[in-house]
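Okay, here's what each chain looks like letter by letter:
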Amino acid sequence: MSIRKRKQDRKTENESLSGLNRREFLKTAIATGVFATGSGLITSCSSQTLVRQAEVKYGTDEFTFAYISDSHLLARGREHRFAKSLIKAVEDVNALEPQPDFVLYGGDLAQLGLKEELSLGKEIIAGVKPKLYMMVGEHDWYFDMGEVWREYFGKPTYSFDHKGIHFIVLNSVVVEDYWSKPKMTPMERMLFMAQLDNPKGRPFTVGKEQCKWLSNDLSAINKNTPIIVFSHSPLYKLYKAWNFWTDDAEEVQELLSTFKAVTVIHGHTHQALTNKIRNITFHGMMSTAWPWPYAPEGIPKLTVQMDRPDPFNQFDGTGWGIVDTLHDGNVNKTYKLWDRNPMIVSYDKVSTGRGLVPGPSY
Amino acid sequence: MKTTHKMFMGLIAILMMYAASVNADNNSATNVSNVIQQSNEQSVQIVTACDGKKKVIVEGYKEGEPMPEQKAREVAKLLTALMGYCEEEITAKIPETEIAIQLSINGDPFISVTAIEELPLVLVHGGKPHTEREKRIWAAELNRMIDTGYKIFHDPTLGTNGISCDMCHPNASNTHPETYPKFQTQTKKAALLRDMINWCIENPQEGKKLSDDDPRMKALEAYIISERTGVILEPGKH
């Protein structure tokens, strides 16, 4: 086992045991490193260390970004419980020390896509100190087909590069037109979409247009460049009845299949979810508003489920999260659960399947 | 009472002697051969009564073969009971080994009863079995209650903050009606499903709780329970 791996393991343990912040952890890790050298462990695997160092030279910088997602704000002011939760998440992110490189908002800022909801959300989310990237969810979109959202936040589909990683933000909540024929009002269209257990619900897609855009976007990217994709719905098929699902997931996965390190981070599911399909690792995001029960079927094997939330605690089973990128471009994902220990899903655990056992308190 | 008793004794006597047909029904012979064909040469005896409207098929005994007294009593008792419903056309099958009796009423498919005493239950409504129409009406009435519950569950009006049950409980998931009554650790009391429904109305939805006999509470319970069809009841489970 390499020193680097051991350090990561320790980091995992340390953070989950006492919630150390990153700076404190670094101190601990350095201290542990010194200890390891003292006991002569470095010498026994020095050649590996050299190899690692060589890799570092060509790899990406390690950095941290945070996410907040699925706040489902209603036009009921800052005192409403969902608004309070989003404010809490913004405060928590701002208290991170050191600050994350940026914050990704994972979609469903609003509940019914209303201008008042999106305005309230914009006002609260503008409070995050790091740079903010926005992603759209179905609740933001289906009242006015994204008009206000685009006015406030710009294009829903885009990409950017950060410290050697290529980031892609998709609008994965495209569905076929169900509203024109029955002449639905904008609010009827929104409510139809907002109901998770709607028996007539339509499956999410990325759609032909965006797939074309994606394929074009990726054509300029070196295959060794790590890719991180943000999508609101999981880019795989989990449970169709609740739209924990993207209907053309396979096509998107195929477009990403030739890259070395690919991570998809999705919202919508309001729960801890881990999956791996060929070269792609998938992580869910927490909701700030409420946790969803796990689907009755389709939960990926790698997923360690959270405990059932305590209904008597408004903040239980909800939260936000951070993502630590590794030098090879893969990521360790941390669910920051309010009133519980953080839940860490390291790349090491995902790729080996080892250590994925339910924790005592998440 | 006395006449029935006499007839009953008489039936047993006849059955024990030849037991092909008690009744002067001319068609009984054809009936017998039909059944013999249907049952693939399996040996059966057919006893008819009430102008051929009542028929008891006794499996395991060839035509004309005498039955042991106990079997004959069983057949006689059944026929007597059936004759209490003279309007209906009833075919009863007494299997050779099973305890259950198979009944077909007015040509409907056979159903099982374990004792002759169950006959009145099968033949409710003045001796008529449930018709398809009745069953449709009952289902519609039940569905109306469930649908009302579905609507309330998917509507924020129970609360004051725009939140509805389905937002946190799609398909009523994690409401676990099958675990009630149970001790609710947070309130330190044994609770019924409706207590927890009221808890979620008052807390996440910031609404006013419903009284136990409120039709909306009944409808909510109906919907929540209907979503858990087939799940085993485990009161007290955490």
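Read on for a plain summary of the structure. Predicted model, so just to flag it, every value in this text is computed and none were measured. (Residues numbered from 1 in each chain as written. Chains lettered and ligands numbered in written order. Predicted model: local features only at pLDDT ≥ 70, side-chain atom pairs only at ≥ 80, totals over all residues. Heavy atoms only, no water.)

## Brief notes about the overall build of chain B
What counts, and what does not: What counts as a helix is a DSSP run of H or I of at least four residues, what counts as a strand is a run of E of at least two, and both are numbered from the N terminus. For each residue, the accessible area found with a 1.4 Å probe, counting protein chains only, is set against the maximum for its type, and the residue is called buried under 20%, exposed over 50%, and partly exposed in between. Only heavy atoms enter the contact rule, under which two residues are in contact if any of them lie within 4.5 Å. Using a 1.4 Å probe, the Shrake-Rupley method yields the accessible areas, and only the shown protein chains count as cover for residues.
What chain B contains, in helices and strands, is nine helices and seven strands. Counting across all 238 residues of chain B, residues that qualify as buried make up 42%. Taking all contacts inside chain B whose residues are at least 6 apart in sequence as the whole, residues at least 24 apart take part in 53%. Carbon and sulfur atoms make up 55% of the accessible area of chain B, which totals about 13700 Å².

## Section: the interface of chain A and chain B
Heads up, the rule is: Computed with a 1.4 Å rolling probe, the buried area is the accessible surface lost when two parts are put together, summed over both parts. By salt bridge we mean one thing: a side-chain nitrogen of Lys or Arg within 4 Å of a carboxyl oxygen of Asp or Glu.
Each partner contributes residues to the interface: chain A has 19 residues there, and chain B has 25 residues. Buried area between chain A and chain B, summed over both chains or domains, comes out near 1800 Å², and the portion from carbon and sulfur atoms is 59%. Scanning the region where chain A abuts chain B turns up zero salt bridges.

## Here's the deal with the pattern of salt bridges
Here the structure, examined in full by the defined rule, presents 12 salt bridges over all chains. Two residues, aspartate 101 of chain A and lysine 163 of chain A, come together in a salt bridge whose shortest N-O distance is 2.8 Å. Separated by 62 residues along the polypeptide, aspartate 101 of chain A in the loop between α5 (81-94) and β2 (102-105) and lysine 163 of chain A in the loop between β4 (158-162) and β5 (165-169) bring together distant segments of the chain. You can call aspartate 101 of chain A partly exposed: its relative accessible area is 25%. In this structure lysine 163 of chain A comes out as partly exposed when scored by relative accessible area, which is 39%. A salt bridge links glutamate 141 of chain B to arginine 144 of chain B; the shortest N-O distance between them is 2.9 Å. One end of the pair, glutamate 141 of chain B, and the other, arginine 144 of chain B, are both in helix α6 (residues 132-153), three residues apart, so they sit about a helical turn from each other. Given the relative accessible area of 44%, glutamate 141 of chain B is considered partly exposed. Exposure remark for arginine 144 of chain B: the relative accessible area of 51% places this residue in the exposed category.

## Details of the sheet that holds strand β1 (residues 44-49) of chain B
Residue and element names in this part refer to chain B. The line we're drawing: Note on pairing: DSSP must find at least two bridges between two strands before they are called paired. Axis definition: a line fit to C-alpha positions, over the contact stretch in the case of helices; interaxial angles, taken between N-to-C directions, run 0 to 180 degrees.
One open sheet holds the five strands; their spatial order is β1-β2-β3-β4-β5, and the pairing between them is mixed. Here the strands that pair on one side only, and so sit at the sheet edges, are β1 and β5 (111-113). Direction aside, the axes of adjacent strands within the sheet are offset by 25 degrees on average. Note: β1 against strand β2 (residues 54-59), six bridges, orientation antiparallel. From the neighbouring strand, valine 47 faces β2, where its bridge partner is valine 56.

## Remarks on the sheet that holds β4 of chain A
All names here are of chain A. Strands sit in the order β4-β5-β6-β9-β11-β10 across an open sheet of six strands; the sheet is mixed. The outermost strands of the open sheet, each flanked by one partner alone, are β4 and β10 (274-277). Taken over all neighbouring pairs, the strand axes of this sheet differ in orientation by 20 degrees on average, direction set aside. Strand direction decides the pairing type here: β5 and strand β6 (residues 227-231), joined by four bridges, are parallel. Bridge assignment links histidine 166 to a residue of β6, and that residue is isoleucine 227. Most of the contacts of helix α10 (residues 207-219) go to β5, to which it runs at about 170 degrees, and overall it touches β4, β5 and β6. Sitting on the sheet, helix α11 (residues 249-256) is in contact with β6, β9 (262-266), β10 and β11 (280-284), with an inclination near 125 degrees to β11.

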